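# A closer look at the structure
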Amino acid sequence: FPSHDSFPIGAPDVADSEYLDQTLFALINKKAQNRKIVSFIGSLNETYTPFSMIDVARSMAANKKEMKCFFVIGGSGPKENDLRKYASGLENHVLLTGWLNEAGIAAVLRASTVGYIISERRVQAFPNKFFTYASAGVPLICNLLGDLKDLFQKSRIGVYINSSSPKVIQEALEQLLQNDEYLT
């Protein structure tokens, strides 16, 4: 029986997984060059395509200061080609992996410092990928409404923001990356 303080995650435990895509894991770490990794995993569709993540990467890169993080986008879907075009020129700061199997998801999440659940639209949702991030113990940055917002307000699972503005996301992300207590 689980103890009273455990919480059923509802996803494979990728943090303790004995398998992961070693090639992808090595590629992510090589490209990140010791930077903290911010990851998005999911379907690239109207609701969850992380154009804002690309905007944050572009802003950080244009700022000419050392980028403290590297962005990984894992997934495929109808908006994948648009996202790839939008990320053009940011290959040193952003990796788009395409569709990932469980071993690929494990590789991304084992490498990740922060998970990214941001929608450019104001939506009330509790995506199943939340459980995947949770299974890896990855703190999150999130702007979804509803039960997930309530969970953020009640527990310390990352940073909740009321915006999809790249400027607000970047500020919250920088705060999160500087807070070792949240990252652990």
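Look up: the structure comes first, before these words.
Residues numbered from 1 in each chain as written. Predicted model: local features only at pLDDT ≥ 70, side-chain atom pairs only at ≥ 80, totals over all residues. Heavy atoms only, no water.

### Overview of the pattern of salt bridges
In this structure the tally under the stated criterion is four salt bridges. Between E46 and K79 there is a salt bridge; the shortest N-O distance is 3.2 Å. Of the two residues, E46 sits in the loop between strand 1 (36-41) and helix 2 (51-62) while K79 sits in the loop between strand 2 (69-74) and helix 3 (80-86), which places them 33 residues apart along the sequence. You can call E46 exposed: its relative accessible area is 55%. K79 is paired through a salt bridge with D82; the nearest N and O atoms lie 3.7 Å apart. (Salt bridge = Lys/Arg side-chain N within 4 Å of Asp/Glu carboxyl O. Helix = DSSP H or I, 4+ residues; strand = E, 2+ residues; numbered from the N terminus. Buried < 20%, exposed > 50% of the residue type's maximum accessible area, 1.4 Å probe, protein only.)

### Some thoughts on the packing of helix 1 (residues 22-32) against helix 4 (residues 102-111)
For the pair helix 1 and helix 4, the least separation of the axes is 8 Å and the interaxial angle reads 30°. Comparing the axis directions of helix 1 and helix 4 gives the class roughly parallel. Considering the relative orientation of helix 1 and helix 4, their crossing is right-handed. Across from L24, F25, I28 and N29 in helix 1, the residues of helix 4 making contact are G104, A107, V108, R110 and A111. Residue composition of the contact of helix 1 with helix 4, grouped by class: six nonpolar, two polar and one charged. (Axes fitted to C-alpha atoms, helices over the stretch in contact; angles between N-to-C directions. Parallel < 35°, antiparallel > 145°, perpendicular 65-115°, else oblique. Left-handed = near helix turned anticlockwise from the far one by under 90°. Contact = heavy atoms within 4.5 Å. Nonpolar A, V, L, I, M, F, W, Y, C, P; charged D, E, K, R; others polar.)

### As for helix 4
Burial runs high along helix 4: eight of the 10 residues are buried. Along helix 4, the residues that are buried comprise A103, G104, I105, A106, A107, V108, L109 and A111. Put simply, N101 is the residue that caps the front of helix 4, since its side-chain oxygen is 3.1 Å from the backbone nitrogen of A103. (Polar contact = N/O pair within 3.5 Å; in protein donor to acceptor, adjacent residues only side chain to side chain.)

### Overview of the layout of surface pockets
Its volume calculated, the second largest pocket comes out at about 260 Å³. Forming the boundary of the second largest pocket are 17 residues, of which I41, G42, S43, N128 and K129 lie nearest the centre. Looking at the lining of the second largest pocket, the elements that each hand over two or more residues are strand 1, strand 4 (114-117) and helix 5 (129-135). Of the residues belonging to the lining of the second largest pocket, the class tally is 10 nonpolar, six polar and one charged. (1 Å grid on protein atoms, 1.4 Å probe; cavity = no way out; pocket = protein on both sides within 12 Å on 5 of 7 lines; lining within 4 Å. Points joined across faces, edges and corners; volume = space filled by probe spheres on them.)

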